[in-house]
Amino acid sequence: MAEDTRQDKRASFSITEHSANGMARTSAVASGKTGTSKKLVIKNFKDRPKLAENYTEDTWLKLRDAVGAIQNSTSIKYNLEELYQAVENLCSYKVSPTLYKQLRQVCEDHVQAQIHQFREYPFLCSLDNLSFLKRMNRCWQDHCRQTIMIRSIFLFLDRTYVLQNSLLPSIWDTGLELFRTHIVSDSAVQKRTVEGILEQIELERNGETVDRSLLRSLLGMLSDLQVYKDSFEERFLTETNRLYAAEGQRLMQERDYLHHVARRLEEENDRIVSYLDQSTQKPLISCVEKQLLGEHMTAILQKGLSTLLDENRVTELTLLYQLFSKVKGGLPTLLQFWRDYIKSFGGEIVCTPEKDKDMVQDLLDFKDKMDNVAQSCFARNESFINAMKEAFETFINKRPNKPAELIAKYVDSKLRAGNKEATEEELERILDKIMIIFRFIHGKDVFEAFYKKDLAKRLLVGKSASVDAEKSMLSKLKHECGAAFTSKLEGMFKDMELSKDIMIQFKQYIQNQSEPSNIELTVNILTMGYWPSYTPMEVHLPTEMVKLQEVFKLFYLGKHSGRKLQWQPTLGHAVLKAEFKEGKKELQVSLFQTLVLLMFNEGEEFSMEEIRAATGIEEGELKRTLQSLACGKARVLNKNPRGKDVEDGDRFNFNNDFKHKLFRIKINQIQMKETVNITHPTLLWCPSFPPSTLLDTRSR
């Protein structure tokens, strides 16, 4: 109590504190006026309180009864708080060692008594494995529940005496030790338990439904008792190894084997998540991968890789890569088979003459297909991409020169006017793909020779689809092979531009002549060093053509003195007006065809020998010319005797009955077959040229 006045304040304090043994009491009284200090006196109890007689024995009996009630699943007579306080009181009087031993003995006696339910052989033998597992699990669950409840009563003992003695196991660990020693370590019980678990897992692997919670509980028991690895895992892995070894041998030849392997791996990973210990994951998955994949890698690839690639089965190829990446040596083995497949398949494309017509397109399609596999299925693995490049370079050069020639012709078909297959953007993509194939070719000089020949055709005939596309291709070649590779090709473009300027000046020059010609002449001035080599040929031109040639020669040399011009009649073409019974037509023909047809203005019929004498055309060239006029699709001449080939002694007359749906008809010159596998091809020209072409032999 405290009294409070204006002049004086008094206070009283009572402080209680337990010492380590809980017996000391300290009290103090202080009083005084404001501003003064008083003396604080601390006094101990004179005598330590004593336990009642037989308190320890009576308390233990009470605690033992409570433990027995818990173990027998009956009701406890005493309040749990009262029991907890009793344990605390006993510990306060240093009875902890005795109490710990007594508790352990009671628990051990109970656990020992539990083993009898597993040793009753007549009864035990009548139980199937699943019933045995359920009994074992029930015993384990009861033991855990009992141990937790007992520990809650003896918690003070567990947190003081046991905690202060590092050599003593906690009450929970003691319970585990007793169960392990007296139940699980029994050889018959352990064997039956493990065999039962293995049987349930095998049933599940065979597609049956099992009680996963039961397996999770029992395997958790083995793990908690620290016998999981020795008693279960070793046998489990042995059985797994045996199962999948036999399964691999039995199912390896099946079409969906890869999906089966993936499904098995997924199932085993699911078991790890559901009830197996995490420590089992690595050896278990390794075992499955080894037996289902590792032992059959070569056989799987020999049986199925070619089929998967041929049919472009992206899903299965992706799965194949994923599975092989998990197995030791899997990816190197897959890489070798991948490389061999590309060499084999590509080699068949290149080395089969019957497929030459579609070789380049087939190569482009094959490259696209393999690129897609490497990107989509093989995770852009650099090793696989490099192996693909190496394989392409190997097979594409198995047949020297031919791929280079056909690639050049393929480019020509894409850059030639009339190609309506692609837009400018698509054409650019095609050229980029062609350059990838081009990089693999060793004989790039062969490609250059054929490309130059075809480029000359396109430029001289004016049949190039796009100047931008032509220059884009030149830029790609220059980037790939250097400026020296494309310098002559670039010179060809310069010649064509200069020729256009010269022809503008020549037309003005012609208009000022006193005797203008009825023939319109166009001349291309070609620098000899830039263009392909042409075989000179002397032919007998009509008088009007010769006169016009001389006019141009006089004009050109008047502007460029000191230069030498060489006419190339093989490159010339003309448009002739012809009259048939059906009506008038225009014939777009080569210069050689022109010379032959003009003869029929002078007579009705001529022999081949007469035509050769009149035109001066070389015999082989003349036969091809006559064949194109009399044996092709547009037969403006009749041949006697009939036949596909022109022979000595054949006679020809004008076909006045010729009919055609078009007004202007192009009659293609038949080309001489090119030599196979030549390094520098002889250039033979299609009949679609300006009327005359000149070679300028000056150097630039």
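Use the structure listed above.
Every value quoted in this text rests on a predicted model; they were computed, and no experiment measured them.

Chemist: Requested: an account of a negative patch on the surface, with residues and values cited.
Modeler: A cluster of acidic residues, E424, E425, E426 and D468, forms a negative patch on the protein surface. Looking at the negative patch element by element, the count peaks at three residues for helix α21 (residues 424-440).

Chemist: Talk me through the packing of aromatic side chains; I want residue IDs and the actual numbers.
Modeler: What the rule picks out here adds up to 30 aromatic pairs. Aromatic rings pair up to connect Y341, F345, F366, F392, F395 and F440 into one cluster. The cationic tip of K62 hangs over the ring face of Y78; the distance from NZ or CZ to the ring centre is 5.4 Å. Directly above the aromatic system of F392 lies the positively charged group of K367, at a separation of 6.0 Å from the ring centroid.

Chemist: Which residues make up the nonpolar core, and what values go with them?
Modeler: Membership of the largest hydrophobic core comes to 146 residues, with the highest contact counts inside it found for F154, F232 and W338. Sequence-distant contacts of F232, that is, excluding residues within four places in its chain, are made with V194, I197, L198, I201, L219, L222, V227 and L276. Counting residues in hydrophobic clusters, the runner-up holds 33 residues, among them M545, L595, M608 and A630.

Chemist: Talk me through the sheet that holds strand β8 (residues 664-666); I want residue IDs and the actual numbers.
Modeler: The three strands are arranged β3-β4-β8 in an open sheet whose pairing can be described as mixed. The sheet is open, and its two edges are formed by β3 (573-580) and β8, each paired on a single side. The sheet shows a mean angle of 25° between the axes of neighbouring strands, taken without regard to direction. Two elements, β3 and strand β4 (residues 583-590), share eight bridges in a ladder whose sense is antiparallel. Residue F580 lies in a different strand from β4, and its bridge partner there is G583. Helix α26 (residues 591-598) contacts β3 and β4 of the sheet and is inclined by roughly 135° relative to β4.

Chemist: Got a sec to walk through the environment of Q568? Specific residues and values, please.
Modeler: Structurally, Q568 can be placed in the loop between β2 (565-567) and β3. Sequence separation between Q568 and P536 is 32 residues, and the spatial gap between their C-alpha atoms is 6.6 Å.

Chemist: Before we move on, could you go through the side chain of S466 and cite the residues and values that matter?
Modeler: Mapped onto the elements, S466 comes out in the loop between α22 (444-461) and α23 (467-481). Separated by 3.1 Å, the side chain of S466 and the backbone nitrogen of A469 make a polar contact.

Chemist: Outline unusual backbone geometry, supporting the account with residue identities and numerical values.
Modeler: The step from N640 to P641 runs through a cis peptide bond, and the omega angle for that step is 5°. Relative to the assigned elements, P641 resides in the loop between β6 (637-640) and β7 (651-654). The phi dihedral of N312 falls on the positive side, at around 55°, and the residue is not glycine. In this structure, N312 sits in the loop between α15 (297-310) and α16 (314-324). The class of N312 is partly exposed, set by a relative accessible area of 33%. Despite not being glycine, R380 shows a phi value in the positive range, around 55°. Tracing the backbone shows R380 in the loop between α18 (359-377) and α19 (382-396).

Chemist: Lay out the pattern of salt bridges in plain terms, naming residues and giving numbers.
Modeler: Enumeration according to the criterion identifies 40 salt bridges in this entry. E311 is the salt-bridge partner of R255, the closest N and O atoms lying 3.6 Å from each other. In this pair, R255 sits in the loop between α12 (228-251) and α13 (257-274) while E311 sits in the loop between α15 and α16, placing the two residues 56 residues apart along the sequence. In this structure, the salt-bridge partner of E490 is K478, at a minimum N-O distance of 3.7 Å. Here the residue E490 occupies a position in helix α24 (residues 483-511), and K478 occupies one in helix α23, the gap between them amounting to 12 residues.

Chemist: Tell me about the packing of α16 against helix α17 (residues 330-350), and name the residues and values.
Modeler: Relative orientation of the contacting elements α16 and α17 amounts to 140°, with a least axis distance of 8 Å. With respect to their mutual orientation, α16 and α17 come out oblique. Within the contact between the two elements, α16 uses L320, Y321 and F324 and α17 uses G330, L331 and L334. Its residues assigned to classes, the contact of α16 with α17 comprises five nonpolar, one polar and no charged.

Thresholds applied
- Residues numbered from 1 in each chain as written.
- Predicted model: local features only at pLDDT ≥ 70, side-chain atom pairs only at ≥ 80, totals over all residues.
- Heavy atoms only, no water.
- Patch = residues over 30% accessible without salt bridge, like charges linked within 9 Å, V, L, I, M, F, W, Y side chains within 5 Å.
- Areas by Shrake-Rupley, 256 points an atom, 1.4 Å probe, with all protein chains shown as cover.
- Salt bridge = Lys/Arg side-chain N within 4 Å of Asp/Glu carboxyl O.
- Lys, Arg positive; Asp, Glu negative; His and termini not counted.
- Charge placed at Lys NZ, Arg CZ, Asp CG, Glu CD.
- Helix = DSSP H or I, 4+ residues; strand = E, 2+ residues; numbered from the N terminus.
- Phe/Tyr/Trp six-rings, centres within 6.5 Å; stacked < 30°, edge-to-face > 60°.
- Lys NZ or Arg CZ within 6 Å of the ring centre and 35° of its normal.
- Core = buried A, V, L, I, M, F, W, Y, C linked by side-chain atoms within 4.5 Å.
- Buried < 20%, exposed > 50% of the residue type's maximum accessible area, 1.4 Å probe, protein only.
- Contact = heavy atoms within 4.5 Å.
- Pairing = 2+ DSSP bridges.
- Axes fitted to C-alpha atoms, helices over the stretch in contact; angles between N-to-C directions.
- Polar contact = N/O pair within 3.5 Å; in protein donor to acceptor, adjacent residues only side chain to side chain.
- Parallel < 35°, antiparallel > 145°, perpendicular 65-115°, else oblique.
- Nonpolar A, V, L, I, M, F, W, Y, C, P; charged D, E, K, R; others polar.

Don't take any of this as a statement about function, it's just geometry.
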